[in-house]
Amino acid sequence: MAENYPSKTVAFIGSECYPFVKTGGLGDVMYALPKALVKQNVEVRVIIPRYACIPEKWQNKMIYRGAFDMDLNPDGRRYYVGIMEYIEDGVIYDFIDNQEFFTAGKPYINLIDDIPRFCYFSKAALAALNYMDWAPDIIHCHDWQAALVPVYLRTLFADTPIARAKTMLTIHNLRFQGIYDAKTMKWWSGLPDYVFNMDALVENWVDANMLKGGLAYCDCITTVSNTYAQEIQTEFYGEHLDPHLRFHSGKLRGIVNGIDVDIWNPATDELLAANYDAETAVANKKLNKKALQESMGLQVDENKFVIGLVSRLTNQKGLDLVNSIIPQIMDEFTQLVVLGTGDSVYEDSFRYYENQYKGSLCAYIQYNEGVAHSIYAGADAFLVPSLFEPCGLTQLIAMHYGTAPIVRETGGLKDTVEPYNWAENTGNGFTFDRYESGLLLDAINRAKELYFEHREQFDEIVVRDMEKDVSWGNSADKYLELYNQMTQ
Ligand code: ADP
Ligand code: GLC
């Protein structure tokens, strides 16, 4: 049937993708958005590096798709590009294989290693598409690691079949841009001299910025919420690229992320102590709370107000605010569970507080999917007080699990959490605006007060949160609309 024919072809290029490799929300989006697009009849290939740290389970499922050699830098060597393939849920995953670049135990090492790796990856991804004879309508690149793709496409690949594609570059986090001295970047990328100018890759006259170049050369820029699309054009959030983004604002759009509701589904989630839906949430979340308290070494008591936090531990996430008010949060009615890894200053301070508040505060300093699921289900409230937050997925997951978010009104947090309104009994969570610890404390206390004094209203928030549509459906529609506009 004609309507079943693929209407658009899209190549996703990025540095991580769940379930193969994930360090944060980028990995989730690289998995869930293609899956949602396939349901809309789009044909999608996802291209990521074949890191050695991808678990055996997945490595064993990949099949060899082909290999070729490619030049990269002026050293004259030919670099191996292998393509390993895996297909699931109608999405084709192509892994770029090169032992020289991708044998580290983690996806990101440090800039001095990562700059050559992602120059290689961006170029190899395009060369692989030509090799596979698959020139899609759209090449959708993600973050700085794939930002040179549009630059390569319009220069070294301009006379190849792949040049027919339009390019979209999505900013998941403007803080990371891939900046290195221009001479090194020029050497490793092998890009022509003329892209190293102040309108494209160069900044400060000496450094080259991969993201800046990609933003100049792509056909469309998106970021992961409407509010962040506005914020990044201001000095505070612009990470010094705000003038560049204002200049290119005509091609900049915000589309809020969703979550994969097949994976994140409290009714079927096998990692939970008890499954539930909106109707059974209030009763069954108690069972999950009990299981969480037991496994985290917290005092088992269903009457405690349990606050969860699952996060990369970096200053983006508002942890300075949290740390500065822990003594005020930790009264005899409240427990706090923190799951995360990152900067040692935060890992250490949470460990310190765990020791101070034994049985009431747990600092689980690890990356652990299973524990994340049990926190989303077992907590009453969920903290995301970020300094900045392009979108944020954790508040979406928390809401979907009936856990009331407490968030700062920034970026995607502002776009996805409607503040609770006492007078009208509406809203999904508790919010505060300025980045101040007193305001965070106030928001937490408002949540606590409702929980302890007006449980009925609190429980209605739980149900509203679970009924809110946080799936990818609407947002995938918006991407598709943009793809269509770009290829008209
Ligand atoms: P960011 O991409 O900035 O880290 P997001 O909120 O978009 O933030 O996405 C974070 C993702 O990573 C969520 O899926 C969250 O559950 C997951 N995550 C973060 N830290 C951990 C951890 N320590 N263990 C398990 N999952 C984690
Ligand atoms: C980034 C952002 C986060 C966003 C994620 C996925 O890591 O920090 O806010 O949800 O990308 O787009």
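Remember, it's a predicted structure, so these values are computed and weren't measured experimentally. Sequence order as written defines the numbering, with residues in each chain counted from 1. Lettering of chains starts at A and numbering of ligands starts at 1, both following the order in which they are written. Since the coordinates come from a predicted model, pLDDT governs what is reported: local features require at least 70, and pairs of side-chain atoms require 80 or more to be given and counted, while whole-chain, interface and lining totals use all residues. To obtain the side-chain values, all non-hydrogen atoms of the structure were included, while hydrogens and water were left out.

*Asks:* Describe the pairing of strand β16 (residues 381–384), naming the residues involved and giving the relevant values.
*Replies:* Consecutive side chains of a regular strand alternate in pointing toward one face of the sheet and then the other. Neither face of β16 is left uncovered, since the one carrying Ala381 and Leu383 and the one carrying Phe382 and Val384 both have all their residues buried. Following DSSP output, two strands are said to pair if at least two bridges run between them. Each helix is a run of DSSP H or I of at least 4 residues and each strand a run of E of at least 2, with the numbering of both proceeding from the N terminus. Relative to β16, strand β13 (residues 305–313) runs parallel, the two being bridged by two bridges. What sits directly across from Ile307, in β16, is Ala381. Of the strand pairs in this sheet, β16 and strand β17 (residues 404–408) are connected by four bridges, and their pairing is parallel. Each residue's exposure class comes from its accessible area (1.4 Å probe, protein chains only) as a fraction of the maximum for that residue type: buried when under 20%, exposed when over 50%, partly exposed otherwise.

*Asks:* Please set out the pattern of salt bridges residue by residue, giving values where relevant.
*Replies:* When a carboxyl oxygen of Asp or Glu lies within 4 Å of a side-chain nitrogen of Lys or Arg, that pair is called a salt bridge. A complete count under the given rule lists 24 salt bridges for this structure. One salt bridge connects Lys186 with Asp193, and the closest N-O pair in it is separated by 3.7 Å. Across the salt bridge formed by Lys289 and Asp380, the nearest N and O atoms sit 2.9 Å from each other. Separated by 91 residues along the polypeptide, Lys289 in helix α9 (residues 281–296) and Asp380 in the loop between α12 (369–378) and β16 bring together distant segments of the chain. Each member of the pair, Lys289 together with Asp380, is buried.

*Asks:* Help me get a handle on the sheet that holds strand β7 (residues 166–171), residues and values and all.
*Replies:* Strand order in the open sheet formed by nine strands is β3-β4-β5-β2-β1-β6-β7-β11-β12, and the pairing between neighbours is mixed. Edge positions in the open sheet fall to β3 (63–71) and β12 (252–254), since each of these has one partner strand only. Shown here is a sheet whose adjacent strand axes are inclined to one another by a mean of 25°, direction ignored. In terms of strand pairing, strand β1 (residues 8–13) meets strand β6 (residues 138–142) through four bridges, oriented parallel. By the bridge assignment for β6, Ala11 is matched with Ile139. Contacts were defined at the residue level, with two residues in contact if any of their heavy atoms lie within 4.5 Å. All axes here are fitted lines through C-alpha atoms, helices being fitted over the stretch that makes contact, and every angle between N-to-C directions spans 0 to 180 degrees. Sheet contacts for helix α3 (residues 111–131): β1, β2 (42–49), β3, β4 (78–88), β5 (91–97) and β6; angle to β3, the most-contacted strand, approximately 115°.

*Asks:* Can you lay out the domain arrangement of the protein for me, pointing to particular residues and giving the numbers?
*Replies:* The domain architecture assigned to the protein consists of domain 1 (2–258 + 473–487) and domain 2 (281–469). Segment limits for the domains were obtained from an automatic or database-derived domain assignment. In this structure, domain 1 and domain 2 have C-alpha centres spaced 33 Å apart. Opposite the 21 residues of domain 1 that make contact, domain 2 presents 19 residues. The quantity reported as buried area is the accessible area (1.4 Å probe) lost by two parts once they are put together, taken as the sum for both. Here domain 1 and domain 2 share an interface that buries about 1500 Å² over both sides, 55% of which is from carbon and sulfur atoms. Its largest share of buried area at the contact with domain 2, domain 1 owes to Arg175, Thr227 and Tyr237, together 26% of the area lost on that side. Where domain 1 packs against domain 2, one counts one salt bridge. When the shortest N-O distance is used, the salt bridge between Glu369 and Lys22 registers 3.8 Å. Polar contact is defined as a pair of N or O atoms within 3.5 Å, subject to the rule that within protein one atom must be able to donate a hydrogen and the other to accept it, and that residues adjacent in sequence are counted only when both atoms are side-chain atoms. At the boundary of domain 1 and domain 2, one finds ten residue pairs in polar contact (both at pLDDT 80 or more). The element best represented in the side of domain 1 that touches domain 2 is helix α7 (residues 226–231), accounting for four residues. Here the residues of the side of domain 1 that touches domain 2 are counted per class, giving six nonpolar, ten polar and five charged. Gly falls in the polar group here, along with every residue not listed as nonpolar (Ala, Val, Leu, Ile, Met, Phe, Trp, Tyr, Cys, Pro) or charged (Asp, Glu, Lys, Arg).

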